[in-house]
Amino acid sequence: MSEKLAQHLADTFNRRSFLTKASLSLGSVALGALLPQNLFSNPTAQEALTAPNRPPRAKRVVYMCQSGGPSQLELFDYKPYLEKMHGKDLPESVRKGQRLTSMSAQQSALPLVSSPYKFAQHGKSGAWLSELMPYTGKVADDLCFIKSMYTEQINHDPALTFFQTGNQLAGRPSIGAWVSYGLGSANENLPAFIVLVSNDAPKDQPLYARLWGNGFLPSKHQGVQFRSGADPVLYLNNPNGYSTTDRRYMLDALKDLNQVQEEMYGDPEVANHIAQYEMAFRMQTSVPDVNDLSNEPDWVFDLYGPESRNPGTFAANCLMARRLLERDVKFVQLYHQGWDQHGNLPSGITKQCKATDQASAALVQDLKQRGLLDDTVVVWGGEFGRTNYSQGKLTKDNYGRDHHPRCFTMWMAGGGIKSGITYGETDEFGYNIIKNPVHVHDFQATLLHLLGVDHEKLIYEFQGRRFRLTDVEGKLVKGILA
């Protein structure tokens, strides 16, 4: 910093700094006399883990979030008994007074609906999958199907927020932010947490940036959204007439100013701002590199499907996710909307599977052939499932399904996950879980475990309370671990 600038800052902030620090110091002395001496003595409450709690089975995660609630009954959970019961009312002995949404609670009847799609067993594991998922069927032996997921949230916003942050209310850190906070980044030139949102999906339910936000964690842990097109990250490129050297001079001067502010006020967010500016500068080189697909051979695009050549589609985002994982990005989150099929389900779900099935399976295949699947966790699933009864009128060739939080299916693959198994079971109606229930917090605890993190020890103190991703719940799902 120049001597003239330093003197100017000293003259400007000297009196303000004195008054601020003096008031804070007097308040701290008074408060310290009232509080127990060891109240804030646990160093894990405010510091990220310097290393995993246990040997990790995986180094990175790719999470393909299917927003809207895919129907497990059309895709994964084969229920031949529903064919016999098709059109009949859901028995009260099965429903057991469980909560319904306001969209179907006033219906005079709840007619059961069997899936019109053919199911078949796939691979040596014999996993049941519908004809809508032919590509997923080809990698069935690499997958672990969890058919006994459940949540308490019955509407989209709280359910998706619960899955992504561990709480139904907005404001908590997202799962990717927790991973970034706990384990840091393995690539200093790219963020630890990157988000890709499909541009080819129906926008039936909104997505919010808070789903990949940092909440009360330091801001450097928030997810960075990569967009399709020439500028994947907004405002990253230099404006016309502004060189890299100019940017470097500007950042150096800004760093000096920020450091003065940090020294005077002790605000930890200032250091995060400095780190983010420096990361953005390095990303000017790393992002164009990862975004350049010119070196990808034709067979790779063929593997992911024709839409993988169109930036921003789900297929293109799956390919981009593989490129990010190759560069050791710790957590890659994909969002694909359009699964909220309250009506016209046969038409809607067919289109959704056409857009996602091939690329989802291709990502597993591609990671496996490159030797990355063994230490990468792959996740596919939505925020809840769909009911076994029709919402609205049931006709010969059309129906819809309402939200169903009591049982639904997700699949996982890769680092530390037992492959070629189906875990959990629902009743013959596909309405209740009868074996090995897995709560959302259990899923989150298990995901952290695979990364070498004990979910009960990944803690951040905020406003006097110690917070975890899994809050005060969550247990390890040992039955799906290799």
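As a reminder, the structure under discussion sits directly above these lines.
Presented here is a report on the structure given in the accompanying data block. A quick note: this is a predicted structure, and the numbers were derived from the prediction, not measured. (Residues numbered from 1 in each chain as written. Predicted model: local features only at pLDDT ≥ 70, side-chain atom pairs only at ≥ 80, totals over all residues. Heavy atoms only, no water.)

## Quick look at unusual backbone geometry
Keep in mind that most residues, glycine aside, have a negative phi and that most peptide bonds are trans.
(1) Moving on: One non-glycine residue with positive phi stands out, namely Asn436, at about 55 degrees.
(2) Moving on: When you line up the elements, Asn436 lands in the loop between β14 (433–435) and β15 (438–439).
(3) Moving on: Given a relative accessible area of 29%, Asn436 falls into the partly exposed group. (Helix = DSSP H or I, 4+ residues; strand = E, 2+ residues; numbered from the N terminus. Buried < 20%, exposed > 50% of the residue type's maximum accessible area, 1.4 Å probe, protein only.)

## Considerations on the side chain of Ser148
(1) Moving on: Its place among the elements puts Ser148 in strand β4 (residues 143–150).
(2) Moving on: Assessed through its relative accessible area of 0%, Ser148 is described here as buried.
(3) Moving on: Among the polar contacts listed, one links the side chain of Ser148 to the backbone oxygen of Asn436, at a separation of 2.5 Å.
(4) Moving on: The residues contacting Ser148, other than those within four sequence positions of it, are Phe408, Tyr423, Gly424, Glu425, Ile433, Lys435, Asn436, Pro437 and Val438. (Polar contact = N/O pair within 3.5 Å; in protein donor to acceptor, adjacent residues only side chain to side chain. Contact = heavy atoms within 4.5 Å.)

## Here we look at helix α8 (residues 244–265)
(1) Moving on: With 22 residues, α8 should reach 32 Å at 1.5 Å per residue; the first-to-last C-alpha distance of 31 Å fits that figure.
(2) Moving on: Among all positions in α8, only Arg247, Leu251, Asn258, Val260 and Met264 are buried.
(3) Moving on: One or two positions beyond α8, positive phi appears at Gly266, with a value near 65 degrees. (Expected span 1.5 Å × (residues − 1).)

## Points about the layout of surface pockets
(1) Moving on: In this structure, the largest pocket occupies an estimated 1000 Å³ of space.
(2) Moving on: Forming the walls of the largest pocket are 40 residues, and the residues nearest its centre are Lys220, Gln222, Val224, Gln276 and Met279.
(3) Moving on: Mapped onto the lining of the largest pocket, the elements with two or more residues apiece are α7 (175–183), β6 (224–226), α8 and α9 (268–291).
(4) Moving on: The element that contributes the greatest number of residues to the lining of the largest pocket is α9, accounting for 11 residues.
(5) Moving on: Within the lining of the largest pocket, the residues separate by chemical class into 25 nonpolar, 10 polar and 5 charged. (1 Å grid on protein atoms, 1.4 Å probe; cavity = no way out; pocket = protein on both sides within 12 Å on 5 of 7 lines; lining within 4 Å. Points joined across faces, edges and corners; volume = space filled by probe spheres on them. Nonpolar A, V, L, I, M, F, W, Y, C, P; charged D, E, K, R; others polar.)

## Regarding empty space enclosed by the protein
(1) Moving on: Tallying each qualifying case throughout the model produces 1 cavity of 30 Å³ or more.
(2) Moving on: When its volume is computed, the largest cavity comes out at roughly 50 Å³.
(3) Moving on: Around the largest cavity, the lining residues are Pro70, Ser71, Gln72, Leu75, Phe76, Trp380, Gly382, Phe384, Phe408 and Thr409.
(4) Moving on: At the level of secondary structure, the elements contributing two or more residues to the lining of the largest cavity comprise α2 (72–75) and β11 (408–414).
(5) Moving on: When the residues that make up the lining of the largest cavity are grouped by side-chain class, the tally is 6 nonpolar, 4 polar and no charged.

In short, shape yes, function no, at least from these values alone.
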